[in-house]
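Chain by chain, the residues:
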Amino acid sequence: MAEKTYHLDAFPKGYYMSWFVTTQAAFEVKVKLFDETKKVYFDGSRQSTEIKPPLAQGADFIKGDKLTLVITEPQSERIDSSINTYAITTNDGTIVGYGYNICVEDQTDKDYNDVCISLVAWKHKG
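Only a predicted model underlies this, so the values are computations on that prediction, with no experimental measurement involved. (Residues numbered from 1 in each chain as written. Predicted model: local features only at pLDDT ≥ 70, side-chain atom pairs only at ≥ 80, totals over all residues. Heavy atoms only, no water.)

## Comments concerning the sheet that holds strand β3 (residues 25-34)
The strands making up a sheet are joined through hydrogen bonds of the backbone, oriented either antiparallel or parallel.
Part 1 of the argument: On the basis of which strands lie adjacent, the open sheet formed by four strands has the order β1-β6-β3-β4 and antiparallel pairing. Edge positions in the sheet fall to β1 (2-7) and β4 (40-48), since each has one partner strand and no second. Taking each pair of neighbouring strands and ignoring which way they run, the sheet shows an average axis angle of 10°.
Part 2 of the argument: As paired strands, β3 and β4 are joined by seven bridges and run antiparallel to one another. In the strand pairing of β4, A25 is matched with S48. (Pairing = 2+ DSSP bridges. Helix = DSSP H or I, 4+ residues; strand = E, 2+ residues; numbered from the N terminus. Axes fitted to C-alpha atoms, helices over the stretch in contact; angles between N-to-C directions.)

## Some points on the packing of aromatic side chains
Part 1 of the argument: Applying the stated criterion across every chain, the model contains five aromatic pairs.
Part 2 of the argument: Aromatic side chains F11 and Y100 sit 5.1 Å apart centroid to centroid with 65° between the ring planes, which places their arrangement in the edge-to-face category. Of the two residues, F11 sits in the loop between β1 and β2 (16-23) while Y100 sits in strand β8 (residues 95-105), which places them 89 residues apart along the sequence. For the pair shown, F11 and Y100 are each scored as buried.
Part 3 of the argument: Chaining the aromatic ring pairs together yields one cluster made of W19, Y41 and F42.
Part 4 of the argument: Stacked on the ring of F34, the Lys or Arg K32 has its end atom at 5.3 Å from the ring centre. (Phe/Tyr/Trp six-rings, centres within 6.5 Å; stacked < 30°, edge-to-face > 60°. Buried < 20%, exposed > 50% of the residue type's maximum accessible area, 1.4 Å probe, protein only. Lys NZ or Arg CZ within 6 Å of the ring centre and 35° of its normal.)

## Quick word on the sheet that holds β8
Part 1 of the argument: Across the sheet, which stays open at both edges, the five strands sit in the order β5-β2-β9-β8-β7 with antiparallel pairing between neighbours. Only two strands of the sheet have a single neighbouring strand rather than two, namely β5 (56-61) and β7 (80-89). If you compare each strand with its neighbour and ignore which way they point, the axes differ by 10° on average.
Part 2 of the argument: In this structure, β8 lies alongside strand β9 (residues 115-122), joined through eight bridges in antiparallel fashion. In the sheet register, G97 faces β9, and the bridge partner there is W122.

## What about the pairing of β7?
Part 1 of the argument: By the bridge criterion, ten bridges tie β7 to β8 in an arrangement that is antiparallel. The residue bridging I88 from the neighbouring strand is G97, located in β8.
Part 2 of the argument: The hairpin formed by β7 and β8 contains five residues between the paired strands, and G93 there has a positive phi angle of roughly 95°.

## Brief notes about unusual backbone geometry
Part 1 of the argument: Omega for the bond connecting K52 with P53 falls within 30 degrees of zero, at -10°, which places this linkage in the cis form.
Part 2 of the argument: Looking at the element boundaries, P53 is found in the loop between β4 and β5.
Part 3 of the argument: With a phi close to 75°, K38 is a non-glycine residue in the positive phi region.
Part 4 of the argument: Locating K38 in the fold gives a position in the loop between β3 and β4.
Part 5 of the argument: Within the chain, K66 stands out as a residue other than glycine whose phi angle is a positive 55°.

Pasting the structure below:
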C-alpha cells in the first residue's frame with residue numbers, strides 16, 4: 001500500500017476554494033481533502049482508466065487551518081508526484097489567490113496522469 005500526504009499551506013482559512021480531480025489509474029485510488037476542524041471537502045475512490053467522470057469537483061469556503069490532501073493506493077507500492085504551486089495576481093501584482101496542480105504517478109510508466117488534482121483558492125467569492 002502507498003500513501004502520500006500533502007500540506008496545502010498556501011490556502012488560508014476563510015478563502016473560497018474550488019477543486020477538480022480526475023483519475024486514469026488501473027489501481028484503486030482514494031483521495032481525501034480535509035482540514036484541522038475535521039471538515040471533509042471531498043473523500044472519494046475509484047478504479048478506472050477512463051478519465052470521465054471526474055472523481056471530485058466542487059467549491060466551499062475553507063473552514064480551518066492545516067488543509068491536508070491524502071492520496072492512498074492500496075495496490076501500489078509508491079506514489080510520485082509533480083506539484084505546481086502559483087499565486088493569482090491582479091495587474092499590479094497584488095495576490096488575490098493561490099493554486100495547486102498535483103499530478104500523480106502510481107507505477108513506473110511515468111505518465112503522471114493516474115491522479116490529477118487542481119485546487120484554487122481566492123480571498124473572496126464572487
